[in-house]
Each structure stands twice: as C-alpha cells, then as structure tokens.
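Residue-level structural notes
The residues making up each chain are set out below.
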Amino acid sequence: MARSQQKLDEALNLKKYPAKQKMHEEVIVFVHFFDGSPKLLQRHIDLVNQLGFDAYAYQVAFHLKERRLHDFLPKANLKRLGLKNFWSKDLQHILDQIPGKKILYAFSNPASAAFEVAKNKNNQVCAVVCDSGPFFDLLRCSRNLIKDYFDVKNPLLNIPGAIAGTIALAPLHENYLNADLAALPKDFPVLSIRGWKDNLVPAKSIEKVFEKHQHLDLEVLNLPEAGHLNGLKDFPDVYKPVVENFLLKVCRD
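Note that this is a predicted model, so its numbers are computed, not measured. (Residues numbered from 1 in each chain as written. Predicted model: local features only at pLDDT ≥ 70, side-chain atom pairs only at ≥ 80, totals over all residues. Heavy atoms only, no water.)

Things to note about the environment of Q50
Within the secondary structure layout, Q50 lies in helix α2 (residues 42–50). Along the sequence, Q50 and P224 sit 174 residues apart, while their C-alpha atoms lie 26 Å from each other. (Helix = DSSP H or I, 4+ residues; strand = E, 2+ residues; numbered from the N terminus.)

See below:
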C-alpha cells in the first residue's frame, strides 16, 4: 500500500510556487486541464504570484499504472462511477497536504473535481475560479474533443469514441455536478470564465451548470473572442483585472 501511494505521489508531483512577496494567507491550488500539465499554466501561476499569492500545482492524470482493480469500484463513502473519481481523489490527497485556506483555480472539465472537494468544509476551500469548464453536454463536448483536438473527423469513429469516453469518464456526470454545487454554502464565491468561440466547450454548456444554483455568489467573465483556455494568453487586458478583483475580494471577505 505504501509503495503504491509513493508511486502515486511521484506521479502527482505536487510543487509549490511561492510569491516573491506573500501578501495573503490564502493559497491558490491549480487543477489543470485534460492532457495538460502545470508547466502549461505558468502564465496563470505568474499572475497569482504577482498578486501576492503562494501557489501549488500538480499533475492531473488517471495514473492507471498506480491503480489496482478495486480502485475502479465505488466505495461505501464514495458511491460514484467513472474514471473522473480519480481527479477528485487525487485533488483531495493534494489538499490534505496543504494547510490553511485555499482558492481552487481549475480548468475545463477537471473543474468538476474542484467543486466535489470544495463542498468538504475540512478542506477550507473559500472560492473556485473555473476557466472553460466545468460543463454539461458531456457527450457533445467529448465528441468535439475527439473531432477537433485529436483530429478524428470521421463520425463513424468519433461518435462511438465519444459515447465510450463519456461512459468511462462519468456516466452520471451532470447528476454528480449538480449535487456538488447544491452542497456548497450560500454565497460561495465562484468565477466562471467562458470563451464564446470555444470549439470544444460551448459557453452555453458551462452556463447550464450554474442555472439551478442561485445560492452561489457567481461572477461570470465572458470573452466573446476567446476559444478554449486561451483567455489569459490572448486577452490579458480583460482577463487579468477580473481575476485580480475576484481574488482580492475573496481575501477581503
């Protein structure tokens, strides 16, 4: 068991990115997007460091080599099916190692794991920033991923692939996400960043996530010209001040 956990810790590769001048007790924990890495979030890490926040990032993955058969089965205290559970379990393991108040900064559909762990008061998560996700319409977005990101244009391949991927990832994804958001406390701060020209995740699919959850203190940054995950890179003059104001507001509150 200890050896398996050691291998998993090595795969997660948690790293701290301290601010040159720390100004806030809250820390930012980054949850990167599918097929990404902390290295690809360097702009975002630099942004929060410049605002005086220490940051943490780790490698989001399924780590199938580190898992055993029983890890795929729902536990008595975690009755959820699908590989997405690994995102949540790994993030919980990461938060167990970081003391104090935390702001989660998550991207695309792994942001759904951020909301799953945020509802646990013991994790001391005081806000979530989510960029290009999480989203409903998982089947549609999965097909977009296969068709546009992996360049599988043939519908005879991308449609079955999307169906299989959706079932494997989280067959009850929308139910789970709704339950997690409903469990968050009243006025829990969320910043949702959406690109209107996102060819993988339509802004409407993100909007649907929050429609039933009016108890949240939801702020939305709409980027009419942005695509998937490129808001900070291509539109920093719009992106940066909104994120800065949100983070500083959370700290003041």
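From this point, the narrative continues.
Section: the pairing of strand β6 (residues 189–195)
Across the seven residues of β6, seven count as buried, placing the element largely inside the fold. Residues P189, L191, I193 and G195 line one face of β6 and the alternating positions V190, S192 and R194 line the opposite face, and both faces are buried. Pairing of strand β5 (residues 125–131) with β6 involves four bridges; the strand directions are parallel. Bridged to V129 within β6 is L191. Note: β6 against strand β7 (residues 217–223), seven bridges, orientation parallel. Along β7, the bridge assignment pairs I193 with L221. Viewed along the sheet, the connection from β6 through helix α8 (residues 203–210) into β7 turns out right-handed. (Buried < 20%, exposed > 50% of the residue type's maximum accessible area, 1.4 Å probe, protein only. Pairing = 2+ DSSP bridges. Right-handed = clockwise from strand over helix to strand, strands pointing away.)

Notes on the nonpolar core
Counting residues in each nonpolar core, the largest one holds 40 residues, and the members touching the most others are V29, L91, L104, F115, V128 and F210. When residues of this core are assigned to their parent elements, the largest contribution, six residues, is made by helix α4 (residues 111–118). Apart from residues no more than four positions distant in its own chain, F210 is found in contact with F115, C130, L181, V190, S192, R194, L216 and L218. Of all hydrophobic cores here, the second largest spans 31 residues; its members include I45, L51, A57 and A127. (Core = buried A, V, L, I, M, F, W, Y, C linked by side-chain atoms within 4.5 Å. Contact = heavy atoms within 4.5 Å.)

Topic: the side chain of N49
Relative to the elements of secondary structure, N49 occurs in helix α2. Judged by its relative accessible area of 17%, N49 is buried.

Some points on a nonpolar patch on the surface
There is a patch of nonpolar side chains on the surface, built from L139, I159, I163 and I167 and spanning about 350 Å² of accessible area. Tallying contributions element by element places helix α6 (residues 155–169) first for the nonpolar patch, with three residues. Relative to the elements of secondary structure, I167 occurs in helix α6. Assessed through its relative accessible area of 53%, I167 is described here as exposed. (Patch = residues over 30% accessible without salt bridge, like charges linked within 9 Å, V, L, I, M, F, W, Y side chains within 5 Å. Areas by Shrake-Rupley, 256 points an atom, 1.4 Å probe, with all protein chains shown as cover. Salt bridge = Lys/Arg side-chain N within 4 Å of Asp/Glu carboxyl O.)

Details of the packing of aromatic side chains
In total, this model carries six aromatic pairs according to the counting rule given. Measuring from centroid to centroid gives 6.5 Å for F33 and F107, while their planes differ by 80°, and the two rings are edge-to-face. Here the residue F33 occupies a position in the loop between β2 (27–31) and α2, and F107 occupies one in strand β4 (residues 102–107), the gap between them amounting to 74 residues. Given a relative accessible area of 15%, F33 falls into the buried group. (Phe/Tyr/Trp six-rings, centres within 6.5 Å; stacked < 30°, edge-to-face > 60°.)

Quick notes on unusual backbone geometry
The linkage connecting G133 with the following residue, P134, adopts the cis geometry, with an omega of -5°. The topology assignment puts P134 in the loop between β5 and α5 (138–149). In the Ramachandran plot, S132 falls in the positive-phi region, its phi being about 65° despite a non-glycine side chain. Mapped onto the elements of the fold, S132 is located in the loop between β5 and α5.

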